[in-house]
Amino acid sequence: MFACKECHQILEQKDKHNCPSGIREPTISREWQGFVEVIDPAKSQLAQELDIRTPGRYALRIR
Ligand SMILES: [Zn+2]
């Protein structure tokens, strides 16, 4: 599993990531720790801190 350094999304594959950050070639890392499942970004304080707007799984720390 990979994580995008720009938007924190957890990715099953390194390619095929359409990054919502708008960055064309975001940094994808294998070195990440912990994740959070965001179901309703509008109601999640953490989602707001991480600037998450789409439900999904997001890594907490990415190296
Ligand atoms: Zn991304």
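Conventions used here
Residues numbered from 1 in each chain as written. Predicted model: local features only at pLDDT ≥ 70, side-chain atom pairs only at ≥ 80, totals over all residues. Heavy atoms only, no water. Donors = N, O, S within 2.8 Å, 3.2 Å for Na, K, Ca; no water. Tetrahedral: all angles 85-135°; square planar, octahedral: opposite > 155°, others 65-115°. Helix = DSSP H or I, 4+ residues; strand = E, 2+ residues; numbered from the N terminus. Buried < 20%, exposed > 50% of the residue type's maximum accessible area, 1.4 Å probe, protein only. Pairing = 2+ DSSP bridges.

Draft legend 1. Examining the coordination of the zinc ion more closely. Each protein donor to the zinc ion is listed here as C4 (SG), C7 (SG), H17 (NE2) and C19 (SG); together their distances run 2.1 to 2.3 Å. Taken together, the 4 donor atoms coordinating the zinc ion and their angles of 104 to 113° define a geometry best described as tetrahedral. The sequence pattern describing where the donors of the zinc ion fall on their chain is C-x2-C-x9-H-x1-C. Placement of the pair is C7 in the loop between β1 (2–4) and β2 (10–11) and H17 in the loop between β2 and β3 (28–29), with a sequence separation of 10 residues. The same class applies to C7 and to H17, which are both buried.

Draft legend 2. Geometry of the sheet that holds β1. Sheet architecture is open: 3 strands sit in the order β2-β1-β3, paired in antiparallel fashion. A strand with exactly one partner marks an edge of an open sheet, and here the two such strands are β2 and β3. Sheet topology note: the β1/β3 ladder contains 2 bridges and is antiparallel. Among the inter-strand pairings, C4 is bridged to a residue of β3, identified as I28.

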